[in-house]
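Here is what each chain is made of, one letter per residue.
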Amino acid sequence: MDGNPPKKITFDSQVFDLAFHPQNEIVAAGLLTGEVYCYKYSVENENELKYKLAEHKKSCRSLEFNLEGNKLYTASLDKSIIEYDAATGKKIYLNADAHDSPINKILCLNENVMASGDDDGIVKLWDVRKNKAIMQWQENEDYISDMKFVPEKRNLLVSGADGYFSVFDIRKKDVYARSDNLDDELLSITLVKNKSKVVVGSQEGILNIFTYGDWGDVSDRFPGHPQSIDALCTIDENTICTGSSDGLIRVISILPNKLVGVIGSHDDYPIEQLKLTHDGKFMGSCSHDNTIKFWDIDYFFNDDEDDEDEEDNYEFSGFAGEGSDNDESEDNDDENEDEEDETNEDGKGKKKDKGKRKLEEVDDDDEDDDDDDDDDDDDDDDDSDGDSSSKKKKKKSKKAKRGIGGSVKATNSFFAGLD
């Protein structure tokens, strides 16, 4: 039914990531507590809990179904990667020391190969059949925020919080290409225009647009988001959705660059992830308000009435303007507007780091010393497992490290199924 997506799913703690099954109406969620929930979502019936997993000792930052949908992979702050049977939730294997640092992102490339990125900027490729690392790179000095794979070119696209965008040919041990430093934390990636353009969201609220194959510098920039762009999702070849730390989910046209509208929000809570369901009918979003919400994409794009009036009404969102950032004077104007936003509304517009890190710090502080948070988290005093589900903490500023990444490391390569 148009305009009537599944009901939202509410959890007891913040949701850091979500993953949709590639064939069925199944969604998995990774939480601050380290728990993983798997739900069957429905438009006609109530959402049904399939199973709950509690293998990770610390927060579950990233999770992925494989391409066939029979395996579920999760990665954690505790540096581990776990493989489960997606149908039953039964653990297949645990790699307790997959990385030396907390893992921030995993991505399935095919049935045999998975990529993972950690807080020190290290990217690894894994042969999941043998639970063995087959390649390792380090071209970033700060955490790996997002990854996308382009199978036709065998390129792994990687964004880092140190301001570098890296491209790896998964068959080679050396980096294929790397951008100039953009002097901004790069947080999210998506592709449009039949994969000829790569859009990268940043901490400063800028959409950086690369022409595929020309990786030295961006070909276009689209400023305007008042806060960081933590999540991107391609809707069609010309349109994306952005999830920002101001809680709004915006629809953006790319080339020509303009704000189309706002689909919805998680109030003032930062958006962590946006993903499409397997059939493309709905988009899911997760946030620090402890929910996964569903949005009817078809309904939004088929509702053509009063488009101009709607666009005018969306100016409240704080979107600085429309059009490309083509000259230096426009850059300065946008920077001034962003600075004004940062000082308004009791500091609500200030720069914020990826929220999961701050939330994890709060969770660790609660376990170590409950007295430090008596004023803000009275409900946690009697919680023996350190659950911080009642804390809706805003993200705080964190300056990314700058500079050249580390040396390239590699093991014997193995890419079965990619040829």
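A short tour of the structure in this document, coming up. Note that the structure is a prediction, hence the values are computed from the model and not measured. (Residues numbered from 1 in each chain as written. Predicted model: local features only at pLDDT ≥ 70, side-chain atom pairs only at ≥ 80, totals over all residues. Heavy atoms only, no water.)

1. Observations concerning the sheet that holds strand β4 (residues 36–40)
Rules: Pairing between two strands is assigned when DSSP locates at least 2 bridges connecting them. Only DSSP runs of H or I covering at least 4 residues are called helices, and only runs of E covering at least 2 are called strands; the numbering of each starts at the N terminus. The convention used is that axes are lines fitted to C-alpha atoms, helices contributing only their stretch in contact, and that angles between N-to-C directions extend from 0 to 180 degrees.
Read across the open sheet, the four strands follow the order β2-β3-β4-β5; overall the sheet is antiparallel. Where the open sheet ends on each side, the last strands, each with one partner, are β2 (15–20) and β5 (48–53). Along the sheet, successive strands turn relative to each other by an average axial angle of 20 degrees, direction set aside. Of the pairings in the sheet, the one linking β2 to strand β3 (residues 26–31) comprises five bridges and is antiparallel in character. Looking across to β3, one finds that A19 is bridged to A28.

2. Observations regarding the packing of aromatic side chains
Definition in use: Stacked, tilted and edge-to-face pairs are distinguished by plane angle, under 30 degrees for stacked and over 60 for edge-to-face with tilted covering the rest, among Phe, Tyr and Trp rings (Trp via its six-membered ring) whose centres lie within 6.5 Å. Buried, partly exposed and exposed residues are distinguished by accessible area as a fraction of the type maximum, computed with a 1.4 Å probe on protein chains only: under 20%, between the cut-offs, and over 50%, respectively.
Here the structure, examined in full by the defined rule, presents 10 aromatic pairs. Both rings, one in F165 and one in F210, keep their centres 5.0 Å apart while their planes meet at 20 degrees; by these two values the pair is stacked. With a gap of 45 residues between them, F165 in strand β16 (residues 165–169) and F210 in strand β20 (residues 207–211) connect regions that are remote in the sequence. The exposure class of F165 is buried, given its relative accessible area of 0%. For F210, a relative accessible area of 0% gives the class buried. Here a set of aromatic residues connected by ring pairs shows up, and it is made of F165, F210, Y212 and W215.

3. Looking at the pairing of strand β14 (residues 144–150)
Along β14, six of the seven residues are buried, which leaves the element largely enclosed by surrounding structure. As judged from the six bridges shared by β14 and strand β15 (residues 155–160), these two strands associate in the antiparallel manner. Paired with K148 across the bridge in β15 is L157.

4. Concerning the nonpolar core
Inclusion rule: What is meant by a nonpolar core is a set of buried Ala, Val, Leu, Ile, Met, Phe, Trp, Tyr and Cys residues, joined one to another through side-chain atoms within 4.5 Å.
Of all hydrophobic cores here, the largest spans 16 residues; its most connected members are L109, V123, L125, W137, M147 and L156. Elements with a minimum of two residues in this core: β11 (113–118), β12 (122–127), β13 (132–138), β14 and β15. Core analysis: the next-biggest nonpolar cluster, separate from the first, contains 15 residues, V167, L191, V198 and V200 among them.

5. Observations concerning the pattern of salt bridges
Heads up, the rule is: In what follows, salt bridge is the name for a side-chain nitrogen of Lys or Arg lying within 4 Å of a carboxyl oxygen of Asp or Glu.
A complete count under the given rule lists 14 salt bridges for this structure. For K91, the salt bridge identified is with E55, shortest N-O distance 3.3 Å. Of the two residues, K91 is situated in strand β9 (residues 91–95) and E55 in the loop between β5 and β6 (60–65); the sequence distance between them amounts to 36 residues. The exposure class assigned to K91 is partly exposed, which follows from its relative accessible area of 35%. Here E55 falls in the partly exposed class, since its relative accessible area comes to 40%. We note a salt bridge from R178 to E139, for which the minimum N-O separation is 3.9 Å. Taken together, the positions of R178 in strand β17 (residues 177–178) and E139 in the loop between β13 and β14 put the pair 39 residues apart, joining distant regions of the chain. With a relative accessible area of 22%, R178 lands in the partly exposed category. A residue is classified by how much of its surface remains accessible, and E139, at 10% relative accessible area, is buried.

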